[in-house]
Amino acid sequence: MSYLRLALIGASLTASPLHAEWISGEEAIMGTAIRVELWQDDAAPDAANPGRDAIAAVMNEMRRIDRLMSPFIPDSELSRINRDAAAQAIAIDRELFDLIQTSLKFSKLTNGAFDITFSSVGYLYDYRAGVMPADTQIAQALPNIDYRHIALDSARGEIRFLRSGVRIDLGGIAKGYAVDRGIEILRARGVREALVSAGGDSRLLGNRHGRPWMIGIRDPRAPGREGKPVAMLPLQDAAISTSGDYERFFERDGVRHHHIINPRTGRAADTVRSVTIIGADATTTDALSTGVFVLGVDAGMALVRSLKNIDAVIVDRAGKLFFSPGLAAPRETSNKHLQPKS
């Protein structure tokens, strides 16, 4: 989803005699900054470094997922789907099949506000070049946006588009999924405290050495890439995703055209500036941050209140902040991911 970097504020720690320390790595993958930060207990400087190996394993997994799911790589599995699935049912990689199936569940949950077929119109935009489709182009392609145009055969592992002109893009869920896979890799290697982020999608493993991770939510209209935070959240063992209208956009005649497309209009959703979702896994928070962004404050918060262990912070188009009930009083909430400041 996105290019927001999260501000991290934690304890100031020094390495022990056994070289226990926080280590980190960052690379540009999946069109965004991938960052891994973890606590390494006892790596000696002259021996193999398991923490660095773990970070490298996460980066390799991110590259693998990108090769599988990127719509910008011509020979990716996703690109093959977009080329061939309207003509016939095609067998696809099971991992990708399962994520598309998960995407359709979020489409139903959000009443179509989250819809991977948005790309049927979305591909006509070029945000770097400031190019948008003509009204006639949008009108012609808009009927192709509908998640119900996707037919999945679980027994055969096949996908088919029921309408010519349908295209899919997993940009609203794939980075969250990749972050979850990164956490799984770290946990399997015995890491107990870590952060994995892909742009605006992050997941936290444990806490930050006895203190909560402090995650900042960017002011959508603050200048600069980092921006100042409008809120700080103390979190542990949680995922957090932010979708914002400042990530990929251009302005024309006073209108901001950004990459979060309203499936009903084929144009940028325009009732909020950013949505942050907190939950247990990044696949869920990634998809919900996009869906709630399209739904807007009232319908979006109603959806959040209906879900267990999900919280949200919304900045509307006037810059006003809205917090879900679980964030209004963190010391009293039952949401296990929120941790009071010490």
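Quick caveat, the model's predicted, so the values are computed rather than measured.

Criteria and thresholds
Residues numbered from 1 in each chain as written. Predicted model: local features only at pLDDT ≥ 70, side-chain atom pairs only at ≥ 80, totals over all residues. Heavy atoms only, no water. Helix = DSSP H or I, 4+ residues; strand = E, 2+ residues; numbered from the N terminus. Buried < 20%, exposed > 50% of the residue type's maximum accessible area, 1.4 Å probe, protein only. Contact = heavy atoms within 4.5 Å. Areas by Shrake-Rupley, 256 points an atom, 1.4 Å probe, with all protein chains shown as cover. Core = buried A, V, L, I, M, F, W, Y, C linked by side-chain atoms within 4.5 Å. Polar contact = N/O pair within 3.5 Å; in protein donor to acceptor, adjacent residues only side chain to side chain. Pairing = 2+ DSSP bridges. Axes fitted to C-alpha atoms, helices over the stretch in contact; angles between N-to-C directions. Parallel < 35°, antiparallel > 145°, perpendicular 65-115°, else oblique. Left-handed = near helix turned anticlockwise from the far one by under 90°. Nonpolar A, V, L, I, M, F, W, Y, C, P; charged D, E, K, R; others polar. Salt bridge = Lys/Arg side-chain N within 4 Å of Asp/Glu carboxyl O.

A.B. asks: How should I be thinking about the overall build of the protein in this particular structure?
C.D. replies: Looking only at helices and strands, the protein has nine helices and 18 strands in total. In the protein, buried positions account for 56% of the 342 residues. Once local pairs closer than 6 in sequence are excluded, the contacts in the protein between residues at least 24 apart make up 64%. Carbon and sulfur atoms form 48% of the exposed surface of the protein, whose accessible area is close to 15,200 Å².

A.B. asks: Where do I start with the nonpolar core in this structure?
C.D. replies: Nonpolar side chains in soluble globular proteins tend to be buried together. The biggest cluster of nonpolar side chains holds 68 residues, and the ones touching the most others in it are L38, M62, M69, I81, I100, L170 and L186. Sort the elements by how many residues they give to this core and helix α1 (residues 50-69) lands first, with nine residues. Once residues within four sequence positions are removed from consideration, I81 is found in contact with I90, I92, L96, I100, I159, F161 and I168. Judged by nonpolar contacts, the second largest core, of 16 residues, contains W39, A238, I240 and L327.

A.B. asks: Can you walk me through the environment of Q101 in this structure?
C.D. replies: Within the element layout of this structure, Q101 appears in helix α3 (residues 94-109). Q101 gets classed as partly exposed once you look at its relative accessible area, which sits at 26%. Along the sequence, Q101 and D153 sit 52 residues apart, while their C-alpha atoms lie 10.0 Å from each other. With residues up to four places along the chain from it excluded, the contact list for Q101 reads L152 and S154. A polar contact of 3.2 Å, which involves the side chain of Q101, links it to the side chain of S154.

A.B. asks: When you look at unusual backbone geometry in this model, what are you seeing that I'm missing?
C.D. replies: In most cases, non-glycine residues show a negative phi, while peptide bonds are predominantly trans. Phi at D237 is positive, roughly 45°, even though this residue is not glycine. With respect to the secondary-structure elements, D237 resides in the loop between β10 (229-235) and β11 (239-244). Positive phi, close to 55°, is recorded for D253, a residue that is not glycine. Residue placement: D253 occurs in the loop between β12 (249-252) and β13 (255-258). Under the relative-accessibility criterion, D253 is labelled exposed at 76%.

A.B. asks: Got a minute to help me understand the pairing of strand β9 (residues 213-218) in this structure?
C.D. replies: Residues in a regular strand project their side chains so that they alternate between the two faces of the sheet. Along β9, six of the six residues are buried, which leaves the element largely enclosed by surrounding structure. The two faces of β9 match: W213, I215 and I217 on one face and M214, G216 and R218 on the other face are all buried. Sheet topology note: the β9/β10 ladder contains six bridges and is antiparallel. Of the residues in β10, the one forming a bridge with I217 is A231.

A.B. asks: Please explain the sheet that holds strand β4 (residues 90-91) as it appears in this structure.
C.D. replies: What links the strands of a sheet is backbone hydrogen bonding, and the strands pair in either a parallel or an antiparallel sense. Spatial ordering of the open sheet is given by β4-β6-β5, a layout of three strands whose pairing is antiparallel. Whereas interior strands pair on both sides, the edge strands pair on one side only; in this sheet they are β4 and β5 (150-153). Summarising the sheet, β5 and strand β6 (residues 158-161) pair through four bridges and their orientation is antiparallel. Counted as the bridge partner of L152 is I159 from β6. Strands β5 and β6 of the sheet are contacted by α3, whose axis makes an angle of about 130° with β5.

A.B. asks: Is there a simple way to explain the packing of helix α6 (residues 174-188) against helix α7 (residues 282-295) in this structure?
C.D. replies: When two helices pack together, their arrangement is given by the angle between their axes and by how far apart the axes lie. Contact geometry for α6 and α7: axes closest at 7 Å, N-to-C directions at 165°. Between α6 and α7, the angle is such that the two are roughly antiparallel. Our pair here, α6 against α7, has a crossing hand that is right-handed. Contacts between α6 and α7 pair A174, K175, G176, Y177, V179 and D180 from the former with A282, T283 and D286 from the latter. Of the residues that constitute the contact of α6 with α7, the class distribution is four nonpolar, two polar and three charged.

A.B. asks: Quick question: what am I supposed to make of the pattern of salt bridges here?
C.D. replies: Per the stated rule, a full pass over the model turns up 18 salt bridges. Notably, a salt bridge pairs D98 with R94, separated by 3.3 Å at the nearest N-O pair. Of this pair, D98 and R94 are both found in helix α3, four residues apart, which corresponds to roughly one turn of the helix. When salt bridges that share partners are traced, they join E61, R64, E95, R181 and E184 into one network.

A.B. asks: Could you clarify how one ought to interpret the pairing of strand β2 (residues 21-29) in this entry?
C.D. replies: Pairing of β2 with strand β3 (residues 32-40), which is carried by nine bridges, proceeds in the antiparallel orientation. Opposite G25, over in β3, you have V36 as the bridge partner.

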